[in-house]
Amino acid sequence: MSLLRQLIRGSTRWSSSRRLDIAIPARRPFHSMFRPHYTNVFPGAEIGSSRQRIEIENPATEEIICTVDAASPADVNAAVTAGMKAFQSGIWANKDVNHRFDVLIKLADMLKSRMSEFAKYESLQTGRPIREMNAQLARLPEWLTYHASLARTHTGRIPPFKGKMLNTLTYSPLGVVAQITPWNHPLLIAIKKIAPALAAGNSVVVKPSELAPVSVLLFAEMALEARIPEGVLNVVCGLGAETGKALCEDSRIAKIDLTGGTETGRAVCAAAGKNLIPVTAELGGKTPVLVFPDIEVERAVKGALFASFIAAGQTCVTGSRIIIHEDIYDQFAASFVAKANALRIGDPLDTKTQVSTVINRASIDRCQRFVDQALSEGGKLLCGGSPAPVNGKGHFFQPTVIEVTPEMALANEEVFGPVIALIRSPSPAHMLATANSTPFALGAALWTSSLSLAHSVSQQLDAGLVWVNTHHNNDPSSPWGGWKDSGMGKENGVEAFEGYLKCKSTVVNWGEAGGVDWFEDNKGARYG
């Protein structure tokens, strides 16, 4: 099996799913808000060639809540064909930008009106607490309105050009673009990619994670209601062995935008390289949180707790290694551990729940392996360290804190779960060196009351995102992305929008009415 087939699973990190033959009837969903079965979203999907279904599990109860079609290579071909047909027709790509603005604003309004519904879908698919999903999804319409506004206001340029020449730069959409999105923020990350791609005039084929695809499917259905033309926004669900591989290797795709693990990113970039198409890849991370001795300790503890245990540690910028100056280490560690022990674990739909599940059994096993390895290397378990099923069910893992040294695996490798490393550091220079010692360069955070120190350390941190006295903040206007093993390119901002456009440079000679005869005697020297 090729590396691409092994790795692309809707960019899910360390995931697994059940796949059923279509002849096997789906078990009855436990929650009435889900349909028993969902089809893909592209013209003709309801009669597509898929013969397999994927079961979607509630991580908190381990019950099957619905099934979705697993798109075959023929289905992927149909979706890309639909996207290409729509793009070439100009029904969206050639529309006046004011039309695209109006449709995307309408879609944002529709999303606002269904916010609580989408939050429940997200919570039930991912096991994330409803309080987190309500807060996260409340901001998603901003990505649609921001990029709609960019579409309306983005202009070409006239750069300086030597001689009597006029150089105009004009922008146009790429074509059909592929987007591979993960399960940890199903709708957030999908919309972060979909909004700029549509605003720029492209057709889109999205492959959501097979672990949590329903909210993305429903969003695509809602986009049709908002008058996004058929074939412009398509969704194909399935595993990487067929669906992801077929999408990434299709020669008609003009760009791939991926959020996922680092090894998946390498495989996708290799596939894109064969077709010489651009890639935006937001990959793995091992975000350091630096706590300097001049900060008020309790303030830093609360901030680090939020950085570490939001989404049960399942974000690419989880504050998974906290580097504390030795002058305040003992005080910080005691308070941090006490607060981690007090976090409420339970039903994700209970508004009092603070930490809920990891995504599946494979994630439980991975968390446990990291705990066991850290202890075998000499790490000190300060709290947690084992699964914590509720009423005997669910993929719950205790909020876990382990004291380690910088060379241990837990201090350098991504867990993607609520297993956090505390590192004692003797000096600011050592703290910075430790922060920059991994192959990742996505996010970093620091806590200090010194403005001078904040600026100095921020400039030296090897990360595409740096937070000072905060964490996890995100905005549609703020570029998001890293480098090294954390990927390439940017989500958000003008950078993301222009990443979905191609630039044409047109040079007009206005100074020589008859042009220049290069080969006429003594004329070549005057050219330009």
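Here is what the cut-offs are and how they apply
Residues numbered from 1 in each chain as written. Predicted model: local features only at pLDDT ≥ 70, side-chain atom pairs only at ≥ 80, totals over all residues. Heavy atoms only, no water. Buried < 20%, exposed > 50% of the residue type's maximum accessible area, 1.4 Å probe, protein only. Helix = DSSP H or I, 4+ residues; strand = E, 2+ residues; numbered from the N terminus. Pairing = 2+ DSSP bridges. Right-handed = clockwise from strand over helix to strand, strands pointing away. 1 Å grid on protein atoms, 1.4 Å probe; cavity = no way out; pocket = protein on both sides within 12 Å on 5 of 7 lines; lining within 4 Å. Points joined across faces, edges and corners; volume = space filled by probe spheres on them. Nonpolar A, V, L, I, M, F, W, Y, C, P; charged D, E, K, R; others polar. Domains from an automatic or database assignment. Expected span 1.5 Å × (residues − 1). Salt bridge = Lys/Arg side-chain N within 4 Å of Asp/Glu carboxyl O. Patch = residues over 30% accessible without salt bridge, like charges linked within 9 Å, V, L, I, M, F, W, Y side chains within 5 Å. Areas by Shrake-Rupley, 256 points an atom, 1.4 Å probe, with all protein chains shown as cover. Contact = heavy atoms within 4.5 Å. Buried area = accessible area lost by both parts, 1.4 Å probe.

**Overview of the pairing of strand β6 (residues 176–180)**
A large share of β6 lies buried, amounting to five of its five residues. Relative to strand β7 (residues 203–207), β6 is paired through five bridges, and the arrangement is parallel. Looking at β7, one finds that alanine 178 is bridged to valine 205. Taking the sense of rotation as the criterion, the β-α-β connection linking β6, helix α7 (residues 186–199) and β7 turns out right-handed. Across five bridges, β6 lies against strand β9 (residues 253–259) in parallel orientation. Residue pairing in the sheet places isoleucine 180 in a bridge with leucine 258 of β9.

**Topic: the layout of surface pockets**
Here the largest pocket defines a volume of roughly 720 Å³. Lining the largest pocket are 30 residues, with Arg128, Gln136, Phe306, Ile310 and His472 positioned closest to its centre. Breaking the lining of the largest pocket down by element, the ones donating at least two residues are α5 (130–137), α7 and α11 (297–309). Here the lining of the largest pocket is composed, by residue class, of 14 nonpolar, 10 polar and six charged. No fewer than three residues from each of domain 1 (37–284 + 482–505) and domain 2 (288–462) sit in the lining of the largest pocket.

**Focus: helix α10 (residues 262–275)**
Taking 1.5 Å per residue, 14 residues should reach 20 Å; α10 reaches 20 Å between its end C-alpha atoms and fits that length. Here α10 has its buried residues at Thr262, Thr264, Gly265, Ala267, Val268, Ala271 and Ala272. Of the residues one or two after α10, leucine 276 is the one with positive phi, at around 55 degrees.

**A look at the pattern of salt bridges**
Note on pairing: side chains with opposite charge can pair once their charged atoms come close. Within the structure shown, the criterion is met by 16 salt bridges. Linking glutamate 142 and arginine 139 is a salt bridge whose minimum nitrogen-to-oxygen distance equals 2.8 Å. Classification of arginine 139 as partly exposed rests on a relative accessible area of 28%. Sharing partners across several salt bridges, the network here consists of Lys192, Lys193, Asp257 and Glu491.

**A closer look at a nonpolar patch on the surface**
Taken together, the side chains of Ile158, Leu166, Val508 and Trp510 present a nonpolar region at the surface, about 430 Å² in accessible area. You can see leucine 166 is positioned in strand β5 (residues 165–173).

**Re the domain arrangement of the chain**
For the chain, the assigned domains read domain 1 (37–284 + 482–505) and domain 2 (288–462). The C-alpha centroid of domain 2 is placed 31 Å from the C-alpha centroid of domain 1. Contacts between the two partners involve 28 residues from domain 1, matched on the other side by 32 residues from domain 2. When domain 1 packs against domain 2, the two sides together hide about 2,500 Å² of surface, and 58% of this comes from carbon and sulfur. It is Arg131, Trp183 and Lys484 in domain 1 that bury the most area against domain 2; as a group they hold 19% of the surface buried on that side. Residues lysine 484 and aspartate 462 are paired through a salt bridge, measuring 3.0 Å at the closest nitrogen-oxygen approach.

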